[in-house]
Amino acid sequence: MSVTATATVALAATHHHPSLAAVETRGFLSPTGVEIAFLLVGLVTFGAAIVTVTTRQLVHAALWLVVALGGLAVEYLLLTAEFIAWVQVLIYVGSVVVLLLFGLMLTRAPIGRSPDADSGNRWAALTVAVAAAAALVWVVVDAFRATWIDLDGPAAGSTKITGESLFQNWVLPFEALSVLLLAALVGAIVLSRKANQEPDERKTPTAATGTTPATGPTLATAPATAPPAADATVPKPAPAPAEEPAPAEEPSPADAPAAPAAAAAPDPSEGGLR
Amino acid sequence: MHLAYPVVLSALLFCTGLYGVLARRNAILVLMSVELMLNAVNLNLVAFDVWLSKATEETLHSGQALTLFTITIAAAEIGIGLAIVLAVHRNRGTADIDKLRDTAERPERSEKAEASA
Amino acid sequence: MTTTTLAVLVPLLPFLGAAAGLLLGRTAPGFVRPLAVLPTLTAFALAVLVAVRQGGDSPVVASTRLTPTGSVPIDLALYIDGFAALVAVVVGLVATCVQIYSTGYLRDDPRYPSYAALVSLFTSAMLLVVYSGDLMVLLVGWEIMGICSYFLVGHYWETPEARAASLKAFLVTKLGDVPFLIGLFALASDAGSFRITRILDTVTDGGLDHPTLIALLLLAGVAGKSAQFPLHTWLPDAMAGPTPVSALIHAATMVAAGVYFIARLLPVFAASSAALVVLAVMAAVTMAGSALAALAQDDIKRVLAYSTIGQLGYMTGALAVGDRGAAVFHLISHGAFKALLFLAAGVIIHAAGTNSLAAMSRMSNLRARVPDAYWTMTVALLALAAIPPFSGFFSKESVLGAAETAAEGHAEHIPGAAGWTVLVAGLLTALLTAAYAARLWLRTFRGQGDEAPDHGRQPLSMTVVLWVLAIPSLALGGLAYGTLPDWFDGDDLAPTLTTSVLGTGLALTGGLVTYAAWRYTTALARTPLGAVAAHPEADAATVEAEAIASHAPAYGDVASAPDPTDPSRVLLGPLHRHAAVGFHLDAVYETLFVRPVQAGARLVRFLDREVVDTYVRGAGALPRLLGAAVRRAQTGNVQTYVSALLAGTVVLVVAALLVATGA
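Source: prediction; values computed, not measured.

## A closer look at the overall build of chain C
Alright, step 1. Secondary structure assignment for chain C yields 28 helices and 4 strands.
Alright, step 2. By residue count, 58% of the 663 residues in chain C fall in the buried class.
Alright, step 3. Of the contacts formed within chain C by residues at least 6 apart in sequence, a portion of 81% connects residues at least 24 apart.

Structure, rendered in structure tokens:
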């Protein structure tokens, strides 16, 4: 019910603004192909997101999240931000969702429908969400009812353009971010190691490579998926750049899911999972 | 393309994620909802960046750079968040947010109520 | 050192000793006794030196003004004339004796350090009163004495008698101090200064606008401090304190302060003949009534307490007839023999294990147990009864002589009525004084019955001071009456023939009649009676505290005992019953003041608890309700908190938007 309500608001909003903007040469009544594609993919994305936050099957929620995030990647492509789109696919669809699935398994989430997936706070949450959606949609539509994106010409987000911008104008934040990732890496290790497990500290470096599945901290390598992602923004992908926070790691993003998979194995609950 | 399309979609996705954060019981589902909210913001950033880079000849591409940073930070966040959830699960035997009520007015009574529920 | 420096050191040394004693009492117990005795002893020596240097010549005056205070200036001033110098010597002597005596008397008392420090402070305050040349500074010492007496009388605070007595002493003296303070202000505003010299000059010039009012207000404070009728009731009850404290209060310090104050400001009082008549009547009632009450008391210390009141009545009587030389002469000799009486009584109480005369009269051979106390107390009682040639005779005769002079109309400005009142009351009191002194002596040392218990010899520190004090009791009067006028105003203090014969004859009559009555009553059947302290072997202070605590349970009253062999029953007849309770003055006060005050207190308590508190509780109810409601929101569920937060955010955003768009 909440879904339809939100959708109704959204549709009302989208129906509203083009009539006011009809004086422009580009009207709502004559949508371009890109717009139609965007709208359709957007509907799919929104629907997948709705299902993600409402389904009672926890694993399905993660899979629907893949659909929603993938849909967003398509939207990025439609907005000519190609590089962002591929990063989205690699990081989110490739690693984050896999991490989430492992998290679900490690916390022994039930397979199948679980009746108590939503807390008692549902109706309050629905009210707040619908009110927030109405307010936001109202504001943005009111503000941008006569604004158009010019998608013609060269792509605004090609890899070349993005890379030049990133390493000409954004180098310092980029490096600061690598420090943050290092901190996150250490933090995850500290959080997940057991206090009485002495060998953990010695075996942490080898665990990060994923070559010894039987050892290593539970989720110590979870942030390790991020440095490859940042790394992947560099046009030359193969060698590991020296400034990365975890230089010992395998740089290939494709291997990232394997690392947590192997590292997560020695969790106390592994017997129940396998 | 009309700017309202991506912006409205972004707003709707954000509120969907908001609902999930407020309504989901499992902590990992809450993390998923947070991811949704972050992605909605990313979409916003990209859309505005593409618009401004054409409309005002802006060359910084700050929107896209920020999007990349957000994605990175989101990855770190999901790692730390899952580590916390797993630590909680190991200590408490549950990942349900509404069972973690140590800050309640009377912890004993609320825990009893939860145990009986 | 100059005389001024010495005089400053006299009050300062005991004060420093008190401060040091309070500070070191717990940490360095070995220093407590030297710190108690040595400063007081030094102050006594310095006081003697000051007196020798002053020598009865023109007063030593020194002053310094610390800071301007506005209208009437307050100076740190010294004014040492012959009166001040000699009274300070007596104060120093008695205080030294008391301190030495206390080291033995409170040998095992755990609170001895604070006790000794308070005695030192008390001494210091009295010396300040004596030497001060400024009324405000005098008032400081005056009030310090009040609070010290509160603490010292309540030294045995485990007993309810001592607690009640200390409170009573404090409240009654404060009752007098309030008008006293107002009187001081009135006096200072009339004279334009608190300096005694300036005030006396003003009085000489006739500059006082309201002499009667000021004199009466000041009299109230003096009556409270010097235990004059009708504010004397605290003094007999103050016997619940340790005996050395009683000696200090009665002989030299607290009660002497009032008499000394009038003596200092006598011209102010003499300026109003009405005040003098009031003073005379007050003195007469005080001395006659207290002598009757003393005759009926059973507690040995209460006998002495009433006798103090009576002797103070002599002093105020002398002041009422305008002869301050006689008053201070009697104050000095009384200080010596009354201190001796109390200290000897402490020894006797320790030896007998009881403070009851009825119990002592059933012990034979008590005098052999305490020979020092026996001989010195005999001397002191003879001095008290004014038998020649003991010192009390000369001082009392000087008072009676002054009264006779005034009665015959030879004194200037003094009403003859005041003289007659004092003279008649004084002669009557001489008779009664000899009677109760004889009764005290006979019943204490001439008891018949079981052998008195033997606890061994008394401590040396307690017996030596008795002999020290016995010397002035014996010889002071005869040696001094010729030279003292040089120190005082110059009036002759020698006994006159008429009053000497009359007074001595009456005293001998009183003693002989009492002896006859005692012979008669001792022949009666003797009912066993008596209670002694539970731990007669303990130190003297413990024995005394137990004796005081056991008197009321054993005899039904703190003051009297149902003893048919008491000669005072024969002498007083039906009056005995009233005299034993101090002529029901306490009961009158109970009805007039205590009960209305308590009723008012109950009313206030009711108003506070039932009326004011109702509003307070009512005011608390609404916040409590709100708090309970808000507390329900504290569920511990983070999602609830975030929901509320975001809902609020949305509302604010919408509101802000509506305002921004002007909707």
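## Some words on the overall build of chain A
Alright, step 1. Within chain A, the regular secondary structure consists of 11 helices and 0 strands.
Alright, step 2. When the helices and strands of chain A are read in sequence order from the N terminus, they spell out α-α-α-α-α-α-α-α-α-α-α.
Alright, step 3. Looking at chain A residue by residue over its 274 residues, the buried ones come to 43%.
Alright, step 4. Sequence separation of 24 or more characterises 73% of the internal contacts of chain A that already satisfy a separation of 6 or more.

## Focus on the interface of chain A and chain B
Alright, step 1. Across the contact, 90 residues belong to chain A and 63 residues belong to chain B.
Alright, step 2. Elements with a minimum of two residues in the side of chain A that touches chain B: helix 1 (2–20), helix 2 (33–54), helix 3 (58–78), helix 4 (82–106), helix 5 (122–143), helix 6 (159–169), helix 7 (171–192) and helix 9 (226–232) of chain A.
Alright, step 3. Considering only residue class, the side of chain A that touches chain B consists of 61 nonpolar, 22 polar and 7 charged.

## Some thoughts on the nonpolar core
A general tendency of soluble globular proteins is for nonpolar side chains to be buried together.
Alright, step 1. Counting residues in each nonpolar core, the largest one holds 237 residues, and the members touching the most others are Val87, Ala88 and Leu343 of chain C.
Alright, step 2. Contact partners of Ala88 of chain C, with chain neighbours within four places excluded, come to Val10, Ala47, Val50, Leu127, Val130 and Tyr131 of chain C.
Alright, step 3. Counting residues in hydrophobic clusters, the runner-up holds 108 residues, among them Phe46, Phe83, Ala129 and Leu177 of chain A.

## Here we look at helix 23 (residues 497–522) of chain C
Residues and elements named next belong to chain C.
Alright, step 1. For helix 23, with 26 residues, the first-to-last C-alpha span of 37 Å sits near the 38 Å given by 1.5 Å per residue.
Alright, step 2. Buried residues of helix 23: Thr499, Gly503, Thr504, Leu506, Ala507, Gly510, Gly511, Thr514, Ala517, Trp518 and Thr521, and no others.
Alright, step 3. Elements that come into contact with the buried residues of helix 23 comprise helix 19 (391–407), helix 20 (416–445) and helix 25 (567–572).

## Considering the environment of Arg111 of chain C
Alright, step 1. The topology assignment puts Arg111 of chain C in the loop between helix 3 (82–105) and helix 4 (112–131).
Alright, step 2. Between the C-alpha atoms of Arg111 of chain C and Gly25 of chain C, which are 86 residues apart in sequence, the distance is 9.1 Å.

## Brief notes about the interface of chain C and chain A
Alright, step 1. Contacts between chain C and chain A engage 10 residues on the former and 9 residues on the latter.
Alright, step 2. By residue class, the composition of the side of chain C that touches chain A is 6 nonpolar, 4 polar and no charged.

## Let's talk about the packing of helix 2 of chain A against helix 3 of chain A
Residues and elements named next belong to chain A.
Alright, step 1. Two elements in contact, helix 2 and helix 3, have axes whose closest approach is 8 Å; the angle formed by their N-to-C orientations is 160 degrees. For the element pair helix 2 / helix 3, the angle class is roughly antiparallel. The chirality of how helix 2 crosses helix 3 is left-handed. Along its contact with helix 2, which presents Val34, Ala37, Phe38, Val41, Gly42, Val44, Thr45, Ala48, Ala49, Val51 and Thr52, the element helix 3 presents Ala61, Trp64, Leu65, Val67, Ala68, Gly71, Leu72, Val74, Glu75 and Leu78.

## So, the environment of Ser226 of chain C
All names here are of chain C.
Alright, step 1. Positionally, Ser226 belongs in the loop between helix 8 (211–225) and helix 9 (234–237).
Alright, step 2. Residue class for Ser226 comes out buried when judged on the 29 C-beta atoms lying within 10 Å of it.
Alright, step 3. Considered as a pair, Ser226 and Ala257 are 31 residues apart in the sequence and their alpha carbons are 6.8 Å apart.
Alright, step 4. In contact with Ser226, not counting residues within four places along its chain, are Val255, Gly258, Val259, Leu312 and Thr316.

## Looking at the confidence of the model for chain A
Residue and element names in this part refer to chain A.
Alright, step 1. Within chain A, residue pLDDT values average 70, and 60% of them lie at 70 or more.
Alright, step 2. The lowest-confidence element of chain A is helix 11 (residues 270–273), averaging 38 in pLDDT; the highest-confidence one is helix 2, averaging 92.
Alright, step 3. Confidence drops under a pLDDT of 50 for residues 1–24, and excluding neighbours within four residues, the segment shows 32 contacts in the predicted structure.
Alright, step 4. Every residue in residues 200–274 scores below 50 in pLDDT, and together they form 150 contacts with partners more than four places removed in sequence or on other chains.

## Side note on unusual backbone geometry
Alright, step 1. Of note, the bond from Phe229 of chain C into Pro230 of chain C is cis; its omega dihedral lies within 30 degrees of zero at 5 degrees.
Alright, step 2. One can find Pro230 of chain C in the loop between helix 8 and helix 9.
Alright, step 3. Of note, the phi angle at Thr80 of chain A is positive, near 65 degrees, even though the residue is not glycine.
Alright, step 4. The residue Thr80 of chain A is located in the loop between helix 3 and helix 4 in this model.
Alright, step 5. A positive phi angle, close to 60 degrees, is found at Ala227 of chain C, a residue other than glycine.
Alright, step 6. With respect to the helices and strands, Ala227 of chain C occurs in the loop between helix 8 and helix 9.
Alright, step 7. Given 31 C-beta atoms within 10 Å, Ala227 of chain C falls into the buried group.

## Examining helix 6 of chain A
Alright, step 1. Within helix 6 of chain A the residues assigned to the buried category are Ile161, Thr162, Ser165 and Leu166 of chain A. Angular distribution of buried residues about the axis of helix 6 of chain A spans 125 degrees; they occupy a single face of the element. For helix 6 of chain A, the exposed residues lying more than 90 degrees away from the buried face are Lys160 and Gln168 of chain A.
Alright, step 2. Against helix 4 and helix 7 of chain A together with helix 3 (62–92) of chain B lie the buried residues of helix 6 of chain A.

## So, the environment of Val278 of chain C
Alright, step 1. Position of Val278 of chain C relative to the elements: it lies in helix 13 (residues 273–296).
Alright, step 2. Sequence-distant contacts of Val278 of chain C, defined by excluding residues within four places in its chain, comprise Leu216 and Leu219 of chain C.

Conventions and cut-offs
Residues numbered from 1 in each chain as written. Chains lettered and ligands numbered in written order. Predicted model: local features only at pLDDT ≥ 70, side-chain atom pairs only at ≥ 80, totals over all residues. Helix = DSSP H or I, 4+ residues; strand = E, 2+ residues; numbered from the N terminus. Buried ≥ 20, exposed ≤ 12 C-beta atoms within 10 Å, placed from the backbone. Contact = placed C-beta atoms within 7 Å. Nonpolar A, V, L, I, M, F, W, Y, C, P; charged D, E, K, R; others polar. Core = buried A, V, L, I, M, F, W, Y, C linked by C-beta atoms within 7 Å. Expected span 1.5 Å × (residues − 1). Axes fitted to C-alpha atoms, helices over the stretch in contact; angles between N-to-C directions. Parallel < 35°, antiparallel > 145°, perpendicular 65-115°, else oblique. Left-handed = near helix turned anticlockwise from the far one by under 90°. pLDDT = per-residue confidence, 0-100. Arc of directions from axis to C-beta.

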